Amino acid sequence: MVATLYINGAWRQASDGGAHDVHSPHDQSVVAEVSQATQSDVLDAISAARESFDSGVFTSWSFNERSALVAKIADLLERDADLIARKESDDTGKRFIEAQYDLADVIATFRHFAALGLKEHGRSVDVGLAHVTSRIVHEPLGVASLIGPWNYPLLQIAWKVAPALVAGCSFIVKPSELTPQSAIALMRIIEEAGTPKGVANLILGPGSVVGTSLINDPRVDLVSFTGGLSTGQTIMRAAADTVKKLALELGGKNPHIIFADADIDAAIDNAVTAAFLHSGQVCSAGTRLIVERSIHDRVVNEIVRRAGNIVLGGPSDEMAETGPLISPDHLRNVTAYVEKGIAEGAKLLVGGKRSDKPEHENGWYYLPTVLDGCSSQMYCVQEESFGPVMTVEVFDSEVDAIRIGNDTNFGLSGGVWSSDSQKAARVASALRHGTIWVNDFGPYRPAAEWGGYKQSGIGRELGEHGLGEYLEIKHIWTNNAPSRSGWFRD
């Protein structure tokens, strides 16, 4: 029997012996067998995290000591990077080279937070009284439930685990049941690095089975979740009873605006990447193309040509440019999404179906798809497909572009292409999205905050605020010359 749950410093099987197979989205082969936790296991993990936090075994470490631990984890991740990338490639179906890039970003995330922990935390406040010392201090928040998605399994977990460790929190990691292997590998490294028993815990299984207690239990102080809007809304409602702190990244419907004065060749190339990288299974994917009317045909015709030439393939296919969707359920959802868009009046220009190549018959491959003639009233424009589906809208003026770009309930990211730097700056400022790229699309660095406006979530990851999500702020006022207040008569 497999023992892939990590609770209170020990690897163990599920309490009922339950396990499940992890299947490759490329060919449905079994790539791993892992434990599937029960409610009892979840409660044990929460108890371990709560007891370790309350004991002070980790909160007693200084910021410098915890930063050294996180730096050591980064070193161990670098040592095992290719091995972990292979596991993630197996789980997600993405190309091995993409998984290698992801691991480099994971390592950079741990190094960022290790360095951030060495900075001064807290400050003195001048209250105008010589005999009073007033200090603002930052303390560990408590116990955190860290719930990750399947598209970037280890990267999104790293955005949560690294700051939680630097802050001094105890936590329970719950990766997607579809892609658990890299989280297991990370937990083994966290153990090897010398993290105290009970601080880091790992629970595996579907959210419908193990998620409720991770959200509802009053011993949990914070829930950090990356995933879909409906699940995020459920978490918000459930967390209200215990007034937990929440950090939610809930995806987006990201506008990619191209003005006629842009570098058109570069804009087209980036638009193809923005929409079809990882088959569109990216929360910040630029799948909502908004192009100035005068260049519509030139831009869209070339994107359609290039989309039709994208080579699909599995993790080890050196010719592949992108891979499969994650599961049969997701394939059905993307198929229905495109069908609904066409029914609404969108014009299918390329793709729009499952790949029928023999080498893809056992996998969940969907062709890169472009829907033209779209408007912001359409379901396919307002809702996220999380697949390789680009919708195309047109605009006639700067004001029009801003209005269309903001006409969404989401607000995660967006892009603006123009050779007029002042215009680009105006549009970037006016767009209500958490990250805006100008004459680019997609890059990020761990030192810059990440998160969304509106229904794309609350809170921020990365940057300095990413650490702040795991810290409580306390004000300590010390009167060094105590005296009677004299307010009331004796």
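The UniProt entry for the protein chain carries this comment under Sequence similarities (unreviewed entry): "Belongs to the aldehyde dehydrogenase family." In its Pathway (unreviewed entry) section, the UniProt entry covering the protein chain states "Amine and polyamine biosynthesis; betaine biosynthesis via choline pathway; betaine from betaine aldehyde: step 1/1."

### Details of the nonpolar core
Judged by nonpolar contacts, the single largest core of 97 residues is most densely connected at Ile73, Leu77, Phe110, Val161, Leu165, Phe171 and Leu186. A total of 11 residues in this core trace back to one element, the largest contributor, which is helix H5 (residues 153-167). Per-domain counts for this core show at least three residues from each of domain 1 (3-249 + 455-474) and domain 2 (253-436). Non-local contacts of Leu186, meaning those with residues more than four positions away in its chain, are made with Ile73, Leu77, Phe110, Leu154, Ile157 and Val161. Residues Ile264, Ala267, Ala271 and Ile295 belong to the second largest nonpolar core, which totals 25 residues.

### Thoughts on the environment of Phe63
When you line up the elements, Phe63 lands in helix H2 (residues 63-79). With 54 residues separating them along the chain, Phe63 and Gly9 place their C-alpha atoms 22 Å apart. Once residues lying within four places of it in the same chain are set aside, the contact partners of Phe63 are Gly117, His121, His138, Val166, Ala167 and Leu471.

### Observations regarding the pattern of salt bridges
Counted by the stated rule, this structure contains 25 salt bridges. Here Arg12 makes a salt bridge to Asp44, at a shortest N to O gap of 2.7 Å. Of this pair, Arg12 sits in strand E2 (residues 10-12) while Asp44 is found in helix H1 (residues 39-55), placing the two residues 32 residues apart along the sequence. Arg12 sits in the partly exposed class, given a relative accessible area of 26%.

### Here we look at the domain arrangement of the protein chain
The extent of an interface is frequently quoted as the accessible surface area lost upon association of the parts. Here the domain parsing of the protein chain yields domain 1 (3-249 + 455-474) and domain 2 (253-436). Between domain 1 and domain 2, the C-alpha centre-to-centre distance is 31 Å. At the interface, 23 residues of domain 1 touch 28 residues of domain 2. It is His26, Arg95 and Trp150 in domain 1 that bury the most area against domain 2; as a group they hold 27% of the surface buried on that side. Counting across the domain 1 and domain 2 interface gives zero salt bridges. Viewed at the interface, domain 2 and domain 1 are joined by 11 residue pairs in polar contact (both at pLDDT 80 or more).

### Looking at the sheet that holds strand E14 (residues 347-350)
The strand order E14-E15-E16-E13-E12-E17-E18 describes an open sheet built from seven strands, whose pairing is mixed. Each edge of the open sheet is held by one strand with a lone partner, namely E14 and strand E18 (435-438). When strand polarity is set aside, the average angle formed by the axes of neighbouring strands in this sheet is 25°. As judged from the four bridges shared by strand E17 (residues 413-417) and E18, these two strands associate in the parallel manner. Its bridge partner being in E18, Ser413 is matched across the sheet by Thr435.

### Topic: the environment of Ile258
Counting through the fold element by element, Ile258 comes out in strand E12 (residues 255-258). Separated by 10 residues in sequence, Ile258 and Ile268 have C-alpha atoms that sit 8.9 Å apart.

### Quick notes on the side chain of Thr322
Its place among the elements puts Thr322 in the loop between helix H10 (296-308) and helix H11 (328-344). Using a relative accessible area of 2% as the deciding quantity, one classes Thr322 as buried. In terms of polar contacts, Thr322 uses its side chain to reach the backbone carbonyl oxygen of Phe276, at 3.4 Å. At 2.8 Å, the side chain of Thr322 forms a polar contact with the backbone nitrogen of Ser279. Other than its neighbours up to four places away in sequence, Thr322 contacts Arg95, Glu98, Phe276, Leu277, His278, Ser279, Ile310, Val311, Leu312 and Gly313.

The rules behind each value
- Residues numbered from 1 in each chain as written.
- Predicted model: local features only at pLDDT ≥ 70, side-chain atom pairs only at ≥ 80, totals over all residues.
- Heavy atoms only, no water.
- UniProt positions renumbered as here; feature names shortened; annotations may be inferred.
- Core = buried A, V, L, I, M, F, W, Y, C linked by side-chain atoms within 4.5 Å.
- Buried < 20%, exposed > 50% of the residue type's maximum accessible area, 1.4 Å probe, protein only.
- Helix = DSSP H or I, 4+ residues; strand = E, 2+ residues; numbered from the N terminus.
- Domains from an automatic or database assignment.
- Contact = heavy atoms within 4.5 Å.
- Salt bridge = Lys/Arg side-chain N within 4 Å of Asp/Glu carboxyl O.
- Buried area = accessible area lost by both parts, 1.4 Å probe.
- Polar contact = N/O pair within 3.5 Å; in protein donor to acceptor, adjacent residues only side chain to side chain.
- Pairing = 2+ DSSP bridges.
- Axes fitted to C-alpha atoms, helices over the stretch in contact; angles between N-to-C directions.

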